[in-house]
Amino acid sequence: MPSVREVAVRQNLPELTRVVTREDVKAYADVGGDANPLHQDDDAARAAGFPGIVAHGMFTMGFLASCLTRWAGGPERVRRLSAQFRAPVFMGEQIVAGGRVKAVDVEAGVAVVECWVSVERDGATEWPIKRGEAEVLLDP
């Protein structure tokens, strides 16, 4: 768990990577009750203009939350998380979640973290989640 003394503005969080699989997306759909064909049926996803099924936006957001909670020391330390969903995630892609400390309030024991999820696609970085922001409680 990071402490107020250890955290500095512009400090990077350790990145978290994962290759997204059909099994991941199926498990998320089963648990979340989201039976949208875009996440389960390649033909339906292709009809919508995608190369195949796409991961749920909230699956990707959950992955970002995992990156934050690992750094923070637990989910109870993340007080707020918001983000913009900007691009789909396809099966077999490696997503990378990361963040950077934007501000530290020493008195309140809180860090504000800008955060994101990226994917390399066709030689360029795309941002399935961009302009995310989290508020994290720090140890005194």
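Worth saying up front: this structure is predicted, and the values here are computed from it rather than measured.

## Description of unusual backbone geometry
Part 1: Phi is positive for Arg-10, close to 80°, though the residue is something other than glycine.
Part 2: Of note, Arg-10 is situated in the segment before β1 (16–19).
Part 3: Judged by its relative accessible area of 66%, Arg-10 falls in the exposed class.
Part 4: Residues other than glycine seldom take positive phi values, yet Asp-122 does so here, at roughly 55°.
Part 5: Mapping Asp-122 onto the fold places it in the loop between β4 (110–121) and β5 (124–137).

## Quick notes on the packing of aromatic side chains
Part 1: For the structure on display, the rule yields 2 aromatic pairs.
Part 2: The interplanar angle of 85° and the centroid separation of 6.1 Å between the aromatic rings of Tyr-28 and Phe-59 together place this pair among those described as edge-to-face. Linking Tyr-28 in helix α1 (residues 22–32) with Phe-59 in helix α3 (residues 57–72), this pair joins segments that are 31 residues apart in sequence.
Part 3: Phe-59 sits in the buried class, given a relative accessible area of 10%.
Part 4: Pairing Phe-50 with Phe-90 gives two aromatic rings, centres 6.2 Å apart and planes at 55°, and the pair type is tilted.

Scoring rules and cut-offs
Residues numbered from 1 in each chain as written. Predicted model: local features only at pLDDT ≥ 70, side-chain atom pairs only at ≥ 80, totals over all residues. Heavy atoms only, no water. Helix = DSSP H or I, 4+ residues; strand = E, 2+ residues; numbered from the N terminus. Buried < 20%, exposed > 50% of the residue type's maximum accessible area, 1.4 Å probe, protein only. Phe/Tyr/Trp six-rings, centres within 6.5 Å; stacked < 30°, edge-to-face > 60°.

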